[in-house]
Amino acid sequence: VVAAISRGSRPPMLKSIPSVMEPEQQNSYAAAELVVPPPALLDGSRRMLAGNRLYVLLVAVPVALAAKPLGCSDGVVFGLCCFGILPLAALLGDATEQVALHTNETLSGLLNATFGNATELIVAICALNRGLLAVVQTSLLGSILSNTLLVLGCACLAGGVVTPAPRFNTVAAISN
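Residues numbered from 1 in each chain as written. Predicted model: local features only at pLDDT ≥ 70, side-chain atom pairs only at ≥ 80, totals over all residues. Heavy atoms only, no water.

A. View of the overall build of the chain. The helix and strand inventory of the chain stands at nine helices and two strands. Along the chain, from the amino end to the carboxyl end, the secondary structure elements read α-β-α-β-α-α-α-α-α-α-α. Within the chain, buried positions represent 13% of all 176 residues. Relative to all contacts within the chain whose residues are 6 or more apart in sequence, the contacts with residues 24 or more apart total 41%. In the form shown here, the chain has an accessible surface area of approximately 13,500 Å², with 69% of it arising from carbon and sulfur atoms. (Helix = DSSP H or I, 4+ residues; strand = E, 2+ residues; numbered from the N terminus. Buried < 20%, exposed > 50% of the residue type's maximum accessible area, 1.4 Å probe, protein only. Contact = heavy atoms within 4.5 Å. Areas by Shrake-Rupley, 256 points an atom, 1.4 Å probe, with all protein chains shown as cover.)

B. Seen up close, a nonpolar patch on the surface. Residues Phe-83, Ile-85, Leu-86 and Leu-88 make up a contiguous nonpolar surface patch of about 360 Å² in total accessible area. On the secondary structure map, Leu-86 appears in helix α5 (residues 74-100). The class for Leu-86 is partly exposed, based on a relative accessible area of 45%. (Patch = residues over 30% accessible without salt bridge, like charges linked within 9 Å, V, L, I, M, F, W, Y side chains within 5 Å. Salt bridge = Lys/Arg side-chain N within 4 Å of Asp/Glu carboxyl O.)

C. Up close: helix α4 (residues 60-67). Residues Ala-60, Ala-64 and Ala-67 constitute the buried set of α4. Across the axial projection of α4, the buried residues extend over an arc of 60°, all falling on one side. Close packing links the buried residues of α4 with α5. (Arc of directions from axis to C-beta.)

D. Looking closely at the environment of Leu-80. In this fold, Leu-80 is placed in helix α5. Separated by 16 residues in sequence, Leu-80 and Ala-64 place their C-alpha atoms 5.1 Å apart. Apart from the residues within four sequence positions on either side, Leu-80 is in contact with Ala-60, Val-63, Ala-64 and Ala-67.

E. Broad picture of the packing of helix α3 (residues 41-50) against α5. Remark: α3 packs on α5, axes separated minimally by 11 Å, with the N-to-C direction vectors making an angle of 145°. Here α3 runs over α5; the crossing is right-handed. Residues Gly-44, Met-48 and Leu-49 of α3 pack against Leu-91, Asp-94, Ala-95 and Gln-98 of α5. Broken down by class, the residue content of the contact of α3 with α5 amounts to four nonpolar, two polar and one charged. (Axes fitted to C-alpha atoms, helices over the stretch in contact; angles between N-to-C directions. Left-handed = near helix turned anticlockwise from the far one by under 90°. Nonpolar A, V, L, I, M, F, W, Y, C, P; charged D, E, K, R; others polar.)

F. How the structure looks around the pattern of salt bridges. Summed over the entire model, instances satisfying the criterion amount to one salt bridge. Two residues, Lys-68 and Asp-74, come together in a salt bridge whose shortest N-O distance is 2.5 Å. Residue Lys-68 is classed as partly exposed on the basis of its relative accessible area of 48%.

G. Representation of the packing of helix α7 (residues 118-129) against helix α8 (residues 133-162). Interaxial distance between α7 and α8 falls to 8 Å at its minimum, and their mutual angle equals 165°. Between α7 and α8, the angle is such that the two are roughly antiparallel. In this structure, α7 meets α8 at a crossing whose hand is left-handed. Every residue of α8 that contacts α7 at Glu-120, Val-123, Ala-124, Ala-127 and Leu-128 is listed here: Leu-133, Val-135, Val-136, Ser-139 and Ser-143. Split into classes, the residues belonging to the contact of α7 with α8 amount to seven nonpolar, two polar and one charged. (Parallel < 35°, antiparallel > 145°, perpendicular 65-115°, else oblique.)

H. Spatial organisation of the confidence of the model for the chain. Looking at the chain as a whole, its pLDDT mean stands at 77, while 78% of the residues score no less than 70. When mean pLDDT is compared element by element in the chain, α4 scores highest at 92, while helix α1 (residues 2-6) scores lowest at 43. In this model residues 1-21 is a low-confidence stretch, pLDDT under 50, and it forms 34 contacts with partners more than four residues away in sequence or in other chains. (pLDDT = per-residue confidence, 0-100.)

Structure representation (structure tokens):
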């Protein structure tokens, strides 16, 4: 605890002791677990930005915004935007995880599900503003197909590699 305080981070706290314990156990620190609280907002943000090499590509975002007014071709602008959106998507995922550290499981799951599809939502809103309904429909269809087929296929492939002959509970399989 003293080392944590001297480094400037928050000291670990004791998790609350359940009331079902005997009174002599409640007074004992041996029955409690040490829980390290999540880092403060600025400290957590600094660690998050320094911890991923992909964030180096964040410099492509302002360059992409300035490329079209500076007279760059559409291919160059598109390439810069592609390089810029990669760290932004990673940053959005990491920021969602940081917020989830400070909330309960239900709210953090809702945040992950909502912001996990933020890229598709942004593309859909921009395309709808320009009247490109076919682009929106195709983008959403591609998102649905990739999420269902690609994720399910990878899960089945990984499950087959780990467990070549899986066994299932027949009662649970019949009831579902």
